[in-house]
Amino acid sequence: MFDYRSDASDLLCDFLSYHETVRGHSAKTVDEYYLDLRTLFRYLKQRRGLVPDDLPFEEISIQDVDLSFVESITLNEIYDFLSYLSRERRLNSASRARKVSTIRSFFKFLTNKTHQLQFNPVEDLDPPKILKSLPRYLSFSESVQLLDSVQGRYQVRDFCILMLFLNFGLRISELVNLNVGDIHADYIRVLGKGDKERVLFLNDGCKEAISNYLVEREAQHPLDPKALFLSSHRTRISRSAVHLLVKKHLGEAGLDPDKYSAHKLRHTAATLMMQNGVDVRTLQEVLGHDHLNTTQIYTHVDNAELRMASKANPLSDRKQLHKSDENTES
């Protein structure tokens, strides 16, 4: 997390604080807003000749960016900035589109929320066209192949992790932040982006995988009593450790670890559920999306449909194969 208050002007701090406190956005999202706007302001100061030519871009201060500076920004300057991001920074269209979203949000805040600006210069700003590609995912048979190949010292833990990824499409941050207290008889509570909580109902396969792991976890005498998934040090498992174990098991299953990742397992879960009759709105809630795409609003569905979504995944009844006596590290 960045301490943006040490470098940002009061104007920018007000905007970031609004998103952090009023809108309830996560610290990561607020940091991204800060970095996007810092890059814009540094570019404009350099472009306008307001800093020495030999001053490194990363050393340009934005503390003096006040209302008069922001008020003078033109739409043409924003398009020049986007061109700079593409040409000099080599940012793809998706990254540039995110910065456009930040810029539009900033000027909307100053125009519609605080009424410090009478005119919004970016109201007609067009985002870059994003070329959409189909996400990579494992087929059903490849998913079974992955689960059946899990062996090693941490077989029970890793099988449970992969089951949760493949059945519910958890984000890696959601998985590592799971606590023992989030596990209930037939559901788990997941804390998603923006600290938004959702309930996911457990199918039989996930119930068994969690139950088996909890027995093994207790035998480890955890140093972190809250954390669900533990590392070899008996503390909460890290994101990097999960990335590595996913890559490890993909390779051992004969699947390309360079082609797939923990996030691709999220795509896999979504695809398998869609292929087996789960409707888009239900899938949206299972995955914890605010929006299915930029035009579709978040739609709440009832718990009965969520239960159906859980059981509809063809991996829901997958059982763990015999434990290996191998003693290899994960």
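Note that this is a predicted model, so its numbers are computed, not measured.

Section: the confidence of the model for the protein chain
- Here the protein chain averages 86 in pLDDT, while 89% of its residues score no lower than 70.
- Under a pLDDT of 50 for its full length, residues 292–302 has, in the predicted model, 21 contacts with residues more than four places off or in other chains.

Description of the packing of helix H6 (residues 140–148) against helix H7 (residues 155–168)
- At a minimum axis distance of 10 Å, the contact between H6 and H7 shows a crossing angle of 160°. As far as their axial angle goes, H7 and H6 are roughly antiparallel. At the point where H6 passes H7, the crossing takes the left-handed sense. Residues Ser143, Leu146 and Leu147 of H6 touch H7, and the partners they reach there are Phe159, Leu162, Met163 and Leu166.
- By residue class, the composition of the contact of H6 with H7 is six nonpolar, one polar and no charged.

Overview of the packing of aromatic side chains
- This model, assessed by the stated rule, comprises 13 aromatic pairs.
- Measuring from ring centre to ring centre gives 5.6 Å for Phe106 and Phe107, while their planes differ by 75°; the resulting arrangement is edge-to-face. For the pair shown, Phe106 and Phe107 are each scored as buried.
- Cluster of aromatic residues (ring-pair linked, three or more members): Phe15, Tyr18, Tyr33, Phe41, Phe69, Phe106, Phe107 and Phe109.
- One Lys or Arg, Arg48, reaches over the ring of Phe69 and ends 4.7 Å from the middle of that ring.
- Over the aromatic face of Tyr154 sits the side chain of Arg157, whose NZ or CZ is 4.4 Å from the ring centroid.

Points about the pattern of salt bridges
- Scanning the model with the defined rule gives 14 salt bridges in all.
- Linking Glu252 and Lys248 is a salt bridge whose minimum nitrogen-to-oxygen distance equals 3.4 Å. Here Lys248 and Glu252 lie together in helix H10 (residues 239–252), a separation of four residues that amounts to about one turn.
- Judged by relative accessible area, which is 45%, Glu252 ranks as partly exposed.

Some points on helix H9 (residues 204–219)
- Between its first and last C-alpha, H9 extends 23 Å over 16 residues, near the 22 Å set by a 1.5 Å rise per residue.
- Along H9, the positions that sit buried rather than exposed are Gly205, Cys206, Ala209, Ile210, Tyr213 and Arg217. Looking down the long axis of H9, one finds its buried residues gathered within 120° of arc, a one-sided arrangement. Of the residues in H9, the exposed ones pointing more than 90 degrees away from the buried face are Asp204, Val215, Glu218 and Ala219.
- Against H7 and strand S1 (187–191) lie the buried residues of H9.
- Backbone geometry just after H9 places His221 at a positive phi near 55°.

Notes on the pairing of strand S2 (residues 197–201)
- Pairing of S1 with S2 involves five bridges; the strand directions are antiparallel. Counterpart to Tyr187 in the pairing with S2 is Phe201.
- The antiparallel pairing of S1 with S2 creates a hairpin that spans five residues between the two strands, and Gly194 there sits at a positive phi of about 65°.

Criteria and thresholds
- Residues numbered from 1 in each chain as written.
- Predicted model: local features only at pLDDT ≥ 70, side-chain atom pairs only at ≥ 80, totals over all residues.
- Heavy atoms only, no water.
- pLDDT = per-residue confidence, 0-100.
- Contact = heavy atoms within 4.5 Å.
- Axes fitted to C-alpha atoms, helices over the stretch in contact; angles between N-to-C directions.
- Helix = DSSP H or I, 4+ residues; strand = E, 2+ residues; numbered from the N terminus.
- Parallel < 35°, antiparallel > 145°, perpendicular 65-115°, else oblique.
- Left-handed = near helix turned anticlockwise from the far one by under 90°.
- Nonpolar A, V, L, I, M, F, W, Y, C, P; charged D, E, K, R; others polar.
- Phe/Tyr/Trp six-rings, centres within 6.5 Å; stacked < 30°, edge-to-face > 60°.
- Buried < 20%, exposed > 50% of the residue type's maximum accessible area, 1.4 Å probe, protein only.
- Lys NZ or Arg CZ within 6 Å of the ring centre and 35° of its normal.
- Salt bridge = Lys/Arg side-chain N within 4 Å of Asp/Glu carboxyl O.
- Expected span 1.5 Å × (residues − 1).
- Arc of directions from axis to C-beta.
- Pairing = 2+ DSSP bridges.

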